[in-house]
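Here are the chains, one letter per residue:
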Amino acid sequence: MITQSSIQSSLSPDPSLHGGLEDNSSALGDFLQETFALTKRLFIQLQRRPSTLMAGIIQPFMWLLLFGALFTNAPRGFFGEDLNYGQFLAPGVIVFTAFSGALNAGLPVMFDREFGFLNRLLVAPLASRYSIVAASTIYIVALSFIQTGVIVAASAFLGAGLPNIAGLGAIALIVLLVVLGVTALSLGLAFALPGHIELIAVIFVTNLPLLFASTALAPLSFMAGWLQVVASLNPLTYAIEPIRYLYLHSEWGIGTLVMDTPWTSISLWAVILVLLAFDALVLLAIQPLLRRRFA
Amino acid sequence: MANAVFIDNLHKSYGSITAVENISFQVQPGEIFGLLGPNGAGKTTTIRCLTTLAKPDRGTVEVCGISAVKNPRAARRRLGYVAQEVALDKVLTGRELLHLQAALYHLPSEGAKERIERLLELLNLTTYADRQTGTYSGGLRKRLDLAAGLLHQPEVLVLDEPTVGLDIESRFIVWDFLRQLKAAGTTVLITSHYLEEIDALADRLAIIDSGVVIDSGSPSQLKERVGGDRVTLQIKEFTPEEEAQQAKAMLSSLPFVQSVIVNPARGNSLNLIVKGESNYLTNIEESLAAASFPIFSMTQSRPSLDDVYLAATGRTLMDAEMAAAGRRDLKAEKKEEMK
């Protein structure tokens, strides 16, 4: 039963909720509350519209199946160390899937900008607008892990074998580092570019070239000299090569040499350092873009 | 007591286009204040500066004495904002959207849950609360957006063109709700290019044209300031042009008639402004009879806000609307909004 007085109390302002000039609430608590709520929204969307996730699982599966079959009759050992192509390909598909998923991270944010939903977030007294970035990142990382898990299982089923637990942990770390950097890049673009058409165009021209200019589909030794140089500078290669090593070797340590470049061989910890440096570089690069919008 | 909203000497331009040139007005706590003006006059830009979506180039913008530029977060807590185009996540249900909103305003979760149910009930949304907002009609969307804007019990609720695109019934629901809101002590700032809306709701208003405030006060003050009464006269249901002109010439010679306009859009009816004669209806009737003009209909009215607008700008709001529609670059505006 709605009485006149209860209407009054529901509609009247309550300054006690709004605090003073300075924050009297816990900034961290507020940040966690808003980040959690924004992340929850993305997962509700995923649950009700799962087609993106489905496509994100089917596509790498097709890569494994079709691309793997392309070189089935290549001589054994052609791709190095007594491998068949399916085994060679699996790490490439894992990294590429995580990479493309992360590259699309900016799209939902761009649509929020275009539909005006972002304004709803920007007029709210968020503890920090970086919660919008944090929520997207958590979402994409979770998605990538789901996809990676499925691909690892599918590759095992297709005969690529399965790394041990430590190996899987290291793979998770490497995937995480790639996803963090690329997600940040995509989110930065989502705030910098004028609209989704432009963002999709950038995704389109980045996606496949970065794949072909890495060691995902073929080893370095197959490539033209200049492409070897490009591939050795491509962050994706720094994720693919160690994962490939982990797939083939159960004995490894942090100092193990896991990757060859035209110049030198690189150890696991150096690879992780390179990926960390890539993440740091991207974060630095998008700072001005985010600050311009979030100031 | 501090003004609920204090805007002084506000300037804002986008590139070479000056959207707001010099806008100043104050909103008192507890009143409904209207910003009236044609599309493109600078209302939305003013609102964007107030709600911290845009940074003013110059000038003061304060909410309850708090600078929206220097302390945007504190200002945001005191403001509720209902945008012109309701942006709801169409995959979320109404209730989910309100829970998201509550978290963005950091309401404690127990209090929020109860408050959400209260607002759903108040706005007659309970039946629809668990449906995805993509299925909502325009009126439902607006009501949900109102609930969202009020969730944190703001001191000032800002509504940009709250009833554009709504059917008549939804429009009255919104009006009625805003009056209840005022009665409960919430300050309301609305923009509108509908005269009737501002006239019906606002305690005070500012008329904005081309980025400048051209007049402000209460609706009755403004109308009184224009002065004179309006008489609409039809000689016949459809008066021939020539006859209307003859009547115009005759009526213009009467001492209390200030101006006569023939309106061809309404069968050459005559619009008169009269002043300084209390018995003008009888007087006009007698003069017409003496010159043997018939009378099909004759109505009198007090000046409307449209007359205020006309007096201040030399054109009616409708004309301004049409002119603005031709000048506007909607695509560029959309782009600005995304910045």
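All values derive from a computational prediction rather than experimental measurement. (Residues numbered from 1 in each chain as written. Chains lettered and ligands numbered in written order. Predicted model: local features only at pLDDT ≥ 70, side-chain atom pairs only at ≥ 80, totals over all residues. Heavy atoms only, no water.)

Caption draft 1: Expanded view of the packing of helix α2 (residues 27–48) of chain A against helix α3 (residues 94–104) of chain B. Running from N to C, α2 of chain A and α3 of chain B point in directions that differ by 160°, and their axes come no closer than 8 Å. As judged from the angle between their axes, α2 of chain A and α3 of chain B are roughly antiparallel. Remark: the crossing between α2 of chain A and α3 of chain B carries left-handed chirality. Taken together, the residues of α3 of chain B that come into contact with α2 of chain A (itself represented by Q33, E34, A37, L38, R41, I44 and R48 of chain A) are E96, L100, A103 and L104 of chain B. Across the contact of α2 of chain A with α3 of chain B, the residue classes break down as 6 nonpolar, 1 polar and 4 charged. (Axes fitted to C-alpha atoms, helices over the stretch in contact; angles between N-to-C directions. Helix = DSSP H or I, 4+ residues; strand = E, 2+ residues; numbered from the N terminus. Parallel < 35°, antiparallel > 145°, perpendicular 65-115°, else oblique. Left-handed = near helix turned anticlockwise from the far one by under 90°. Contact = heavy atoms within 4.5 Å. Nonpolar A, V, L, I, M, F, W, Y, C, P; charged D, E, K, R; others polar.)

Caption draft 2: Looking closely at the interface of chain A and chain B. Across the contact, 47 residues belong to chain A and 55 residues belong to chain B. Summing both sides of the interface, chain A and chain B together bury roughly 4,500 Å²; the carbon and sulfur share of this comes to 55%. Across the contact surface, chain A and chain B share 17 residue pairs in polar contact (both at pLDDT 80 or more). Secondary structure elements with two or more residues in the side of chain A that touches chain B: α1 (4–11), α2, α5 (106–115) and α6 (117–122) of chain A. Looking at the side of chain A that touches chain B, the element that brings in the most residues is α2 of chain A, giving 9 residues. Of the residues that constitute the side of chain A that touches chain B, the class distribution is 23 nonpolar, 12 polar and 12 charged. (Buried area = accessible area lost by both parts, 1.4 Å probe. Polar contact = N/O pair within 3.5 Å; in protein donor to acceptor, adjacent residues only side chain to side chain.)

Caption draft 3: Fine view of the sheet that holds strand β14 (residues 297–301) of chain B. Residue and element names in this part refer to chain B. Taken in spatial order, the 4 strands of this open sheet run β12-β13-β11-β14, and their pairing is antiparallel. Whereas interior strands pair on both sides, the edge strands pair on one side only; in this sheet they are β12 (257–263) and β14. Each strand axis lies, on average, 20° off the axis of its neighbour in the sheet, ignoring direction. In the sheet, β12 pairs with strand β13 (residues 269–274) via 6 bridges, with the strands oriented antiparallel. Across the sheet, residue I261 finds its bridge partner in β13, namely N271. (Pairing = 2+ DSSP bridges.)

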